[in-house]
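Working through the structure, step by step
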Amino acid sequence: MPDVHVVGIGADGWAGLSENAQAAVHAAEVLFGSRRQLSLVPASFAGERLPWPSPLMPALPGLLDAHRGRRVCVLASGDPMHHGIGAAILRILGPDRVTVLPAASSMSLACARLGWAMEEVEVVGLVGRPVELLHPYITPGRRLLILGAGAATVAGILSSRGYGDSQLTVLEQLGGPGERIVSGSAASPWPAADPLTIVAVECAGTSVLPAVPGLPDDAYLHDGQLTKREVRAITLARLAPAPGQLLWDVGAGAGSIAIEWMRTHRSCRAVAVESDPARAARIRANCLALGVPDLITVEGRAPAALAGLPEPEAIFVGGGVTEPGLVEACWAALSPAAAWSPTR
């Protein structure tokens, strides 16, 4: 029998839970959740209520292990498997020890209020993540549902990209008695939002930064040390990025190869190695402006700067190819899964 139940609870609170979900809560010896969520459970609950610490994720494995063998229930917002804590708990404990009882997700409720089809909407989760991840999603006519960023922040990014005419709808406390929906343009002033907020966006603008390799050269800050657009597109095609893979961009210049590698899929990773401090600073600025803030920039000279880096599936040497031992060090560092390819 699973010893951890993860129960999704919406803004409608206890009354919105199914009989099975309510029974799972009452049967628990230990109940985890935010202070707000714990306050939604009636006084008749006889177990121990434990609010989450902050930060939560580093502490989560230890908390679950400390209560192993006891009946544990975790309260989560809406659907725990959709940008929620359910997936993290399953990774730690495995499916045999966990039962998830979801409520309607805030995304589903938002689409119901807006009249949008879920399959036609992009969900952008920014909870605890850099807001610059929003940039690749901003294209004409696209509909976005954004979690974890306030309307003022979203509006600022849209306006900076020439999308000030985009329509924003702020949906607060969906499904609860305090539900509130407010609409306006990105150019409008937006006050601080309720913590339980989704920002819906209908993008209106003309500038496009496509996900396919070969962004315009003027999309980058650079000093001339830039792999040009057509060569960049061919290079990325030969590198063949796949979801989850890691690239080293050695002698990265403006970071264009690493950036466009990461833009092909949200799980692609890259390390840009650059010895010049000014160029390294430009790489950091470019990765923010182009929506890949998780790009790792290593300031140092290869091959020495490559020591200790995680094993890559692909390597691009953009500068310093004549440095003694560099090509050999790169070849030796490639993952065995990539070694079959003569282009890697």
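Before reading on, note that the structure itself is shown above.
The following paragraphs examine the structure supplied in this document.

Definitions and cut-offs
Residues numbered from 1 in each chain as written. Predicted model: local features only at pLDDT ≥ 70, side-chain atom pairs only at ≥ 80, totals over all residues. Heavy atoms only, no water. Pairing = 2+ DSSP bridges. Helix = DSSP H or I, 4+ residues; strand = E, 2+ residues; numbered from the N terminus. Axes fitted to C-alpha atoms, helices over the stretch in contact; angles between N-to-C directions. Buried < 20%, exposed > 50% of the residue type's maximum accessible area, 1.4 Å probe, protein only. Arc of directions from axis to C-beta. Contact = heavy atoms within 4.5 Å. 1 Å grid on protein atoms, 1.4 Å probe; cavity = no way out; pocket = protein on both sides within 12 Å on 5 of 7 lines; lining within 4 Å. Points joined across faces, edges and corners; volume = space filled by probe spheres on them. Core = buried A, V, L, I, M, F, W, Y, C linked by side-chain atoms within 4.5 Å.

1. Notes on the sheet that holds strand β14 (residues 314–317)
With parallel pairing, 4 strands are arranged side by side in an open sheet as β13-β12-β11-β14. If you trace the sheet from one side to the other, it starts and ends with β13 (296–299) and β14, each paired once. Averaged over all pairs of adjacent strands, the angle between strand axes in this sheet comes to 15°, irrespective of strand direction. Summarising the sheet, strand β12 (residues 269–274) and β13 pair through 4 bridges and their orientation is parallel.

2. Examining helix α5 (residues 106–114)
Buried within α5 are the following residues: Met-107, Ala-110 and Cys-111. Viewed end-on, α5 has its buried residues packed into an arc of 95°, placing them on one side of the element. On the buried face of α5, the contacting elements are β6 (122–125), β7 (143–147), β8 (167–172) and β10 (197–202). Following α5 by one or two positions, Gly-115 adopts a phi angle in the positive range, close to 75°.

3. What about the sheet that holds strand β5 (residues 98–101)?
Taking strand neighbours across the sheet as the criterion, the 5 strands line up as β3-β2-β4-β1-β5 in an open arrangement whose pairing is parallel. Edge positions in the sheet fall to β3 (48–51) and β5, since each has one partner strand and no second. The mean angle between the axes of side-by-side strands here comes to 20°, regardless of whether they run parallel or antiparallel. Inspection of the sheet shows strand β1 (residues 4–9) paired to β5 by 4 bridges, in the parallel sense.

4. Thoughts on empty space enclosed by the protein
Taken as a whole and judged by the stated rule, the model has 1 cavity of 30 Å³ or more. When its volume is computed, the largest cavity comes out at roughly 30 Å³. If you go around the largest cavity, the residues you meet are Asp-3, Val-4, Leu-64, His-67, Arg-68, Arg-70, Val-72 and Arg-97.

5. Some remarks on the environment of Ala-187
Residue position: Ala-187 is located in the loop between β9 (180–185) and β10. Owing to a relative accessible area of 60%, Ala-187 belongs among the exposed residues under this scheme. Along the primary structure Ala-187 and Tyr-163 are separated by 24 residues, whereas in three dimensions their C-alpha atoms are 8.6 Å apart. Apart from the residues within four sequence positions on either side, Ala-187 is in contact with Ser-159 and Gly-164.

6. Points about the nonpolar core
Where a protein is soluble and globular, its nonpolar side chains tend to be buried together. Membership of the largest hydrophobic core comes to 24 residues, with the highest contact counts inside it found for Leu-239, Leu-247, Ile-259, Trp-261, Ala-270 and Leu-295. Breaking this core down by element, the ones donating at least two residues are α7 (229–239), α8 (256–263), β12, α9 (277–289) and β14. Residue contributions to this core peak at 5 residues, all from α8. Residue contacts for Leu-247: discarding those within four places in its chain leaves Leu-239, Ile-257, Ala-258, Trp-261, Arg-269, Ala-270, Val-271, Ala-314, Ile-315 and Phe-316. The next biggest cluster of nonpolar side chains, apart from the first, holds 22 residues, and it includes Leu-133, Leu-134, Ala-155 and Leu-168.

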